[in-house]
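Understanding the architecture of this molecule
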Amino acid sequence: MVLRFLGTRGEIEARTRAHRMHASLEVAYRGRSVMIDCGADWRARVWRLAPKAIVLTHAHPDHAAGLRDGAPCPVWATEETWRVLARYPVADRRVLRPRVATRIRGITFEAFPVVHSLIAPAVGLRITAGRARIFYVPDLVYIPDRAAALKDVDVYVGDGASLVRPLVRRRAGTPIGHAAVRTQLGWCAKEGVPHAIITHCGTQIVTADARAVAARVRAMGEERGVRAEVARDGMRVRLP
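Residues numbered from 1 in each chain as written. Predicted model: local features only at pLDDT ≥ 70, side-chain atom pairs only at ≥ 80, totals over all residues. Heavy atoms only, no water.

**Considerations on the sheet that holds strand E8 (residues 107–114)**
Spelled out, the test is: By this definition, two strands are paired if DSSP reports at least two bridges between them. Secondary structure elements follow DSSP: runs of H or I no shorter than four residues count as helices, runs of E no shorter than two count as strands, and numbering proceeds from the N terminus. Fitting a line to C-alpha atoms yields each axis, with helices limited to the stretch in contact; the angle taken between N-to-C directions then spans 0 to 180 degrees. By definition, residues are in contact when any of their heavy atoms lie within 4.5 Å.
As summarised here, the arrangement of the seven strands in space is E7-E8-E9-E10-E11-E14-E15, forming an open sheet in which the pairing is mixed. In this open sheet, the two strands that pair with only one neighbour each are strand E7 (102–104) and strand E15 (227–230). In this sheet, neighbouring strand axes are inclined to one another by 25° on average, regardless of whether the strands run parallel or antiparallel. Contacts from helix H5 (residues 181–191) reach strand E11 (155–159), strand E14 (195–199) and E15 within the one sheet, and its direction differs from that of E11 by about 155°. Sheet strands in contact with helix H7 (residues 210–223) are E14 and E15, and its direction is about 155° off that of E15.

Laid out in structure tokens, this is it:
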């Protein structure tokens, strides 16, 4: 399995060469690939990129608004996400059912509901190809069924909106927003995930000195026995 971080920027104004495009990941295996998320930055570019399949984690603009003019391929999303995107002219809509393994271009996806937004309910994606397994969740407060989601996962790819302090508020008694990187590294330690990569980067990461941020994330990971790093646009990771 090969991961290519097409974009690593969250829904923020700031952008740099390292974090220029809205967060999106390409997962490839044996010459076939799937694009995950297609935010507003990708609205024109997705047609040039011409993926063969797209999977959405949720319907927020920085994850789905690149499809406002349609899509060049089939798109998989939960029924909740499709309801939010009802007016998008996506011709080939496929339904991704929670906790049902779905094979897309030789790669298996299993959607785990996560707490993030009431308006745009989100999922994290447990992705398996060959012997490699990752969990991709660019936006979340927490994972209700965390043990099952992270069981035997090689790499956790998580939410970089905030390093230490969670960005969480309550709406109708339900927490919404973003867990801190430090919190997510704690989850990885508890569930035995050896490697974490942070994407969907917020202002705290994007506008800071890259070396200092990388060192801080690496140190937080080392404290918990997890190899931790910050993704950048164009970065590739090859899993065995």
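Still to come is the rest of the account.
**What to know about the pairing of strand E10 (residues 132–136)**
For clarity, the cut-off: For the exposure calls, accessible area comes from a 1.4 Å probe over protein chains only, and a residue counts as buried if that area is under 20% of its type's maximum, exposed if over 50%, partly exposed in between.
Of all five residues in E10, four are buried, a share of seventy percent or more. With five bridges connecting them, strand E9 (residues 122–129) and E10 associate as antiparallel partners. Paired with Ile-127 across the two strands is Ile-134, which belongs to E10. Here E9 hands over to E10 after two residues, with Gly-130 in that stretch at a positive phi of 60°.

**Observations regarding the packing of aromatic side chains**
The geometry of an aromatic ring pair is captured by two quantities: the separation of the ring centres and the angle between the planes. As a reminder, the rule being used: Stacked, tilted and edge-to-face are the three classes applied to pairs of Phe, Tyr and Trp rings, where Trp contributes its six-membered ring and a pair requires centres within 6.5 Å; stacked means planes under 30 degrees apart, edge-to-face means over 60, and tilted covers the rest.
Applying the stated criterion across every chain yields a total of two aromatic pairs. Taking the centre distance of 6.0 Å and the plane angle of 75° together, the rings of Phe-112 and Phe-135 count as edge-to-face. Note that Phe-112 is positioned in strand E8 and Phe-135 in strand E10, a separation of 23 residues in sequence. For Phe-135, a relative accessible area of 0% gives the class buried.

**Let's talk about the pattern of salt bridges**
Quick reminder of the rule: We define a salt bridge as a contact between a side-chain nitrogen of Lys or Arg and a carboxyl oxygen of Asp or Glu at a distance within 4 Å.
Tallied over the full model, the rule gives twelve salt bridges. Across the salt bridge formed by Glu-26 and Arg-4, the nearest N and O atoms sit 3.1 Å from each other. On the criterion of sequence distance, the pair formed by Glu-26 in strand E2 (residues 24–29) and Arg-4 in strand E1 (residues 2–7) is long-range, its members being 22 residues apart. The exposure class assigned to Glu-26 is buried, which follows from its relative accessible area of 16%. Classification of Arg-4 as partly exposed rests on a relative accessible area of 22%. Arg-15 is the partner of Asp-41 in a salt bridge, and the nearest nitrogen-oxygen pair spans 3.8 Å. Pair noted here: Asp-41 is in the loop between strand E3 (32–36) and helix H1 (45–49) and Arg-15 is in the loop between E1 and E2, with a separation of 26 residues, a long-range link. Given the relative accessible area of 14%, Asp-41 is considered buried. The network of salt bridges with shared partners includes Arg-9, Arg-15 and Asp-41.

**As for H7**
Rules: A helix is expected to span 1.5 Å for every residue after the first. Here the arc refers to the set of directions running from the helix axis out to each C-beta atom. Here a polar contact is recorded for every N or O atom pair within 3.5 Å, except that within protein the pair must consist of a potential hydrogen donor and a potential acceptor, and residues adjacent in sequence are included only if both atoms are side-chain atoms.
Its 14 residues give H7 an end-to-end C-alpha distance of 20 Å, which sits within 8% of 20 Å, the value for a rise of 1.5 Å per residue. Buried within H7 are the following residues: Val-213, Val-217, Met-220 and Gly-221. Projection of H7 onto a plane perpendicular to its axis shows the buried side chains occupying an angular sector of 100°, all on one side. In H7, those exposed residues whose orientation departs by more than 90 degrees from the buried face are Arg-211, Glu-222 and Glu-223. If you follow the buried residues of H7, they end up packed against H5, E14, helix H6 (203–206) and E15. For H7, the N-terminal cap is Asp-209; the gap from its side-chain oxygen to the backbone nitrogen of Arg-211 is 3.2 Å. Following H7 by one or two positions, Gly-225 has its phi on the positive side, about 75°.

**Some details on the side chain of Asp-37**
Here is the rule: Counting rule applied: Lys, Arg positive; Asp, Glu negative; His and chain ends not counted.
Of note, Asp-37 is situated in the loop between E3 and H1. With no salt bridge to any partner, buried Asp-37 finds its closest opposite charge in Arg-9, at an N-O distance of 14 Å. Side chain to side chain, Asp-37 and His-63 meet in a polar contact 2.7 Å long. For Asp-37, the residues in contact, after removing those within four places along its chain, are Ala-23, Ser-24, Val-55, Leu-56, Thr-57, His-58, His-63, Tyr-136 and Pro-138.

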